[in-house]
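Overview (structure and organization)
Read off the chains here:
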Amino acid sequence: MVTLKTLIAPDDAAFGLDPSDKLVADPYQWSGDIDANMELYLQERDGDSDRARRVELDQRGERLTERIAYELSPEKTVTYRGLAY
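None of these values were measured; they are calculated from a predicted model.

1. Looking at the overall build of the chain
In terms of regular secondary structure, the chain is built from 3 helices and 2 strands. Each helix (α) and strand (β) of the chain, taken in turn from the N terminus, gives the series α-α-α-β-β. Buried positions account for 28% of the 85 residues belonging to the chain. Considering only contacts within the chain whose residues lie at least 6 apart along the sequence, 46% involve residues at least 24 apart. Surface accessibility of the chain: about 5,800 Å² in total, with carbon and sulfur atoms responsible for 51%.

2. Regarding helix 2 (residues 21–44)
Its 24 residues place the ends of helix 2 34 Å apart at the C-alpha level, agreeing with the 34 Å of an ideal helix rising 1.5 Å per residue. Residues L23, V24, D26, P27, W30 and N37 constitute the buried set of helix 2. Immediately downstream of helix 2, the backbone of R45 shows phi near 55°, a positive value.

3. Points about the pattern of salt bridges
In this structure the tally under the stated criterion is 8 salt bridges. Put simply, R60 and D33 hold a salt bridge, and the shortest N to O gap is 2.8 Å. Taken together, the residues R60 in helix 3 (residues 47–72) and D33 in helix 2 connect sequence positions 27 residues apart. Linking E56 and R60 is a salt bridge whose minimum nitrogen-to-oxygen distance equals 4.0 Å. Taken together, the positions of E56 and R60, both in helix 3 and 4 residues apart, correspond to about one turn of that helix. Given the relative accessible area of 22%, R60 is considered partly exposed. Overlapping salt bridges, with partners in common, bring together K22, D26 and R67 in one network.

4. Re helix 3
Here helix 3 is 26 residues long and its end C-alpha atoms lie 37 Å apart, about the 38 Å a rise of 1.5 Å per residue gives. Along helix 3, the residues that are buried comprise D50, L57, G61, L64, T65, I68, A69 and L72. With a side-chain oxygen positioned 3.1 Å from the backbone nitrogen of D48, the residue opening helix 3 is D46. Among the residues trailing helix 3, S73 stands out with phi positive, at a value near 145°.

5. Structural notes on unusual backbone geometry
Positive phi, close to 55°, is recorded for R45, a residue that is not glycine. Among the structural elements, R45 can be located in the loop between helix 2 and helix 3. Assessed through its relative accessible area of 55%, R45 is described here as exposed.

6. Concerning the nonpolar core
With 9 residues, the main nonpolar core is built from L23, W30, L57, L64, I68, A69, L72, V78 and Y80. Among the secondary structure elements, those contributing two or more residues to this core are helix 2 and helix 3. In terms of residue count, the dominant contributor to this core is helix 3 (5 residues).

Rules and cut-offs
- Residues numbered from 1 in each chain as written.
- Predicted model: local features only at pLDDT ≥ 70, side-chain atom pairs only at ≥ 80, totals over all residues.
- Heavy atoms only, no water.
- Helix = DSSP H or I, 4+ residues; strand = E, 2+ residues; numbered from the N terminus.
- Buried < 20%, exposed > 50% of the residue type's maximum accessible area, 1.4 Å probe, protein only.
- Contact = heavy atoms within 4.5 Å.
- Areas by Shrake-Rupley, 256 points an atom, 1.4 Å probe, with all protein chains shown as cover.
- Expected span 1.5 Å × (residues − 1).
- Salt bridge = Lys/Arg side-chain N within 4 Å of Asp/Glu carboxyl O.
- Polar contact = N/O pair within 3.5 Å; in protein donor to acceptor, adjacent residues only side chain to side chain.
- Core = buried A, V, L, I, M, F, W, Y, C linked by side-chain atoms within 4.5 Å.

The analysis is restricted to geometry; functional conclusions fall outside its scope.
Below is the structure:
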């Protein structure tokens, strides 16, 4: 099983993954954007804006998971929020 955490540590030979540089960089960007959204929410305390941003981040996470599954191979199971891709 491959998780975003696994992909973010691609230099660990035990995982045996060989993702493209972009596929390694994108989860870091996505993770940073999640952190930035939380900081923004803590400043604004605007629940509606936060929910809209989280929906967009979740959709990006799903698309990223699909890309990871496609790039790594059919032998790998990639999960996001408990769903296998």
